[in-house]
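Each chain, letter by letter, is given below.
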Amino acid sequence: MSDNFDVVVIGAGPAGYAAAIRCAQLGLNTACIDKSLGKDGKPVFGGTCLNWGCIPSKALLDASHKYLDAKEHFAEIGITVESVGIDVPRMIARKDKVVSGMTQGIAGLFKGNGVTGLAGTGKLLANRRVELCPHEGNATIIQAEHVILAPGSVPVEIPPTPIDGDRIVDSTGALEFTEVPERVSVIGAGVIGLELGSVWSRLGSEVVVLEALEEFLPMVDQRIARDSLKIFKGQGLDIRLGTLVTGSEVRAGEVVVSYRDNVGEQTVTVDKLIVAVGRKPYTEELLAPDSGINLDEGGFVKVNDLCATDAPDIYAVGDAVRGPMLAHKGTEEGVMVAERIAGFKPLVNYETVPSVIYTHPEIAWVGKTEQEVKTSGESYAVGQFPFSASGRAQAANDTQGIVKVIADAQTDRILGVHVLGPQASEIVAQAVIAMEFDASAEDLGLTMFAHPTLSEAFHEAALSVAGHAIHVVNRKKRN
Ligand code: FAD
Ligand code: AMP
């Protein structure tokens with residue numbers, strides 16, 4: 001291996017591997033270092049997203065959704081099945097196969113693009129030197145012209161519920177249960193808590209979600225949050241808001257979780273406790289004292305809008321820097337930095353980062369919520385369309401939820417789009433494109449959508465901003 005590179009990337013999650021691949025595509029001699037080991041103990045690329053995050057959670061969400069559909073909803077559409085069973089080890093093995101296919105895919109992309117993938121821990125020293133400590137053998141020093149830090153994030157732990165990897169687990173452990181626990185509690189009704197709670201609830205666990213805040217999903221449009229809370233409770237998720245977890249005790253193979261709510265001190269006894277109280281930037285072992293990099297008060301690597309750190313020619317991207325902890329946000333930052341190193345001038349548009357919660361129905365949104373627009377004092381108009389009025393949703397027996405479009409009342413420019421419904425994650429991509437191109441609600445109304453599609457609900461919601469929806473009676477009637 002050469003010990004000089006144009007670019008060294010530390011971290012091969014979606015932020016780091018995308019940066020490395022794009023650098024190599026642009027002709028830069030690039031290395032990407034990652035220290036992760038897979039379940040088989042071998043080095044893997046792909047970071048949290050591929051190994052312990054987005055992909056494995058979606059594999060289990062998809063499998064558990066299919067199981068529940070077969071068990072509870074097939075009869076409604078005229079399909080009878082004798083008996084529907086669950087084989088958890090097989091479900092987990094399939095999830096692992098998906099993960100290993102994807103991580104091997106990254107190794108293949110590195111090879112195909114000419115990225116030197118290195119297994120071990122990377123530490124940034126002074127003057128753009130990087131120390132590589134391989135899993136076995138001696139450390140080496142690599143000299144780089146540019147360094148991109150992409151070390152990602154790890155789950156937050158809280159003192160009342162120390163992770164033991166058996167009864168008390170974090171999101172990684174919750175993807176590895178070998179059987180369906182009878183009783184599960186999840187701490188945190190955030191994105192990860194709701195997704196993992198949904199998986200085990202669909203497979204048959206009684207799930208209690210304990211959330212310290214009084215408000216459900218405060219970052220989501222209030223109408224969507226309200227409607228989704230009702231739906232999730234209807235699905236059997238016992239979501240208890242305003243409950244602060246204060247302690248836990250593992251005894252006789254179960255966990256007694258203590259919490260405080262407006263009634264007083266309470267307990268709930270479960271077989272597994274999933275701690276999903278957020279994630280924090282991971283910068284352990286990353287920076288030598290004289291690296292020249294500063295962290296902010298939250299422990300994130302300090303960067304400007306272009307992901308440049310306080311040290312020349314050193315950048316940081318992904319979960320370890322400010323902004324939402326989302327794979328696609330990190331990927332866009334990684335690509336932007338690669339292109340800037342190569343002399344181009346792209347920007348990341350932080351106004352159009354889509355967010356998704358992969359429950360069923362899914363919740364997806366981009367731009368401002370109605371409460372944000374209201375607080376900012378902007379005058380705005382709202383268009384809404386329920387999936388119950390969508391022919392495709394009716395045909396698919398999947399009619400819960402709405403699409404909501406918020407537009408500037410003066411300019412008609414789209415300010416935010418909020419979807420609760422089937423395939424909300426796919427529908428919101430259309431809203432992102434519309435907002436990237438500064439579309440108005442009228443522009444969307446004038447765009448033709450294929451029939452019958454779930455996306456028509458987005459079209460109709462855009463039409464309804466001006467009171468022109470066809471398949472629902474408009475609340476405001478205009479010519
Ligand atoms: P990471 O993916 O965390 O990768 C960083 C890598 O760097 C890791 O492999 C780490 O070991 C390595 N590393 C760190 N320090 C060093 C070092 N010093 N030397 C060598 N290697 C180092 N996001 C979405 O957008 N959609 C989802 O559906 C979604 N679902 C999720 C579900 C779960 C259960 C979890 C936990 C997360 C989910 N996320 C999701 C979040 C997503 O996984 C992260 O936002 C994303 O992985 C961040 O990418 P990253 O490249 O910044 O860091
Ligand atoms: P997120 O940051 O979106 O992953 O969500 C994590 C959630 O966990 C937040 O909504 C927090 O309010 C919640 N949370 C954090 N600590 C506790 C606690 N001790 N008890 C209950 N909920 C908590």
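Here the structure is a predicted model, which is why all the values come from computation and not from measurement.

1. Re the domain arrangement of the chain
Move 1: Partitioning the chain into structural domains gives domain 1 (4-155 + 280-348), domain 2 (168-277) and domain 3 (352-464).
Move 2: Between the C-alpha centres of domain 1 and domain 3 the distance comes to 30 Å.
Move 3: Taken together, the contacts link ten residues of domain 1 with six residues of domain 3.
Move 4: Of the roughly 590 Å² buried between domain 1 and domain 3 on both sides combined, carbon and sulfur atoms contribute 68%.
Move 5: Where domain 1 meets domain 3, there are zero salt bridges.
Move 6: Summed over the shared surface of domain 1 and domain 3, the number is two residue pairs in polar contact (both at pLDDT 80 or more).

2. Let's talk about the sheet that holds strand β20 (residues 380-386)
Sheet strands line up and pair through hydrogen bonds in the backbone, either parallel or antiparallel.
Move 1: Pairing is antiparallel across the open sheet formed by five strands, whose spatial order is β18-β19-β22-β21-β20. Strands with a single pairing partner mark the edges of an open sheet, and in this sheet they are β18 (355-357) and β20. The mean inter-strand angle of the sheet, taken between neighbouring strand axes irrespective of direction, is 10°.
Move 2: Relative to strand β19 (residues 362-367), β18 runs antiparallel, the two sharing three bridges.

3. Brief notes about the packing of aromatic side chains
Move 1: By the definition in use, this model includes four aromatic pairs.
Move 2: Between Phe 216 and Phe 232, the ring centres sit 6.3 Å apart and the planes meet at 75°, which makes this aromatic pair edge-to-face. Residue Phe 216 is located in the loop between β10 (206-211) and α6 (222-234), and its partner Phe 232 is located in helix α6; the two are separated by 16 residues in the primary sequence. Note on accessibility: Phe 216 and Phe 232 belong to one class, buried.
Move 3: Ring geometry for Phe 449 against Phe 458: centres 6.3 Å apart, planes inclined by 80°, an arrangement best described as edge-to-face. Across the pair, Phe 458 and Phe 449 agree in class, each one buried.

4. A few points about the site of ligand 2
Move 1: Close to ligand 2 lie 15 residues; Gly 188, Glu 211, Ala 212, Thr 243 and Val 245 are nearest.
Move 2: One of the backbone nitrogen or oxygen atoms of Ala 212 is found 3.0 Å away from a nitrogen atom of ligand 2.
Move 3: For ligand 2, the protein covers 73% of the area, taking 510 Å² as the surface of the free molecule.
Move 4: Secondary-structure elements contributing two or more residues to the shell around ligand 2 are β10 and β12 (244-251).
Move 5: Within the shell around ligand 2, the residues separate by chemical class into ten nonpolar, four polar and one charged.

5. Structural notes on the sheet that holds strand β13 (residues 254-260)
Move 1: In space, the three strands of this open sheet follow the order β12-β13-β14, with antiparallel pairing throughout. Single-partner strands in this sheet number two, and they are β12 and β14 (265-270). On average, adjacent strands in this sheet sit at an angle of 20° to one another, irrespective of strand direction.
Move 2: One ladder, built from six bridges, connects β13 with β14; its direction is antiparallel. By the bridge assignment for β14, Tyr 259 is matched with Gln 266.

What counts and how
- Residues numbered from 1 in each chain as written.
- Chains lettered and ligands numbered in written order.
- Predicted model: local features only at pLDDT ≥ 70, side-chain atom pairs only at ≥ 80, totals over all residues.
- Heavy atoms only, no water.
- Domains from an automatic or database assignment.
- Contact = heavy atoms within 4.5 Å.
- Buried area = accessible area lost by both parts, 1.4 Å probe.
- Salt bridge = Lys/Arg side-chain N within 4 Å of Asp/Glu carboxyl O.
- Polar contact = N/O pair within 3.5 Å; in protein donor to acceptor, adjacent residues only side chain to side chain.
- Pairing = 2+ DSSP bridges.
- Helix = DSSP H or I, 4+ residues; strand = E, 2+ residues; numbered from the N terminus.
- Axes fitted to C-alpha atoms, helices over the stretch in contact; angles between N-to-C directions.
- Phe/Tyr/Trp six-rings, centres within 6.5 Å; stacked < 30°, edge-to-face > 60°.
- Buried < 20%, exposed > 50% of the residue type's maximum accessible area, 1.4 Å probe, protein only.
- Near = heavy atom within 4 Å.
- Areas by Shrake-Rupley, 256 points an atom, 1.4 Å probe, with all protein chains shown as cover.
- Nonpolar A, V, L, I, M, F, W, Y, C, P; charged D, E, K, R; others polar.

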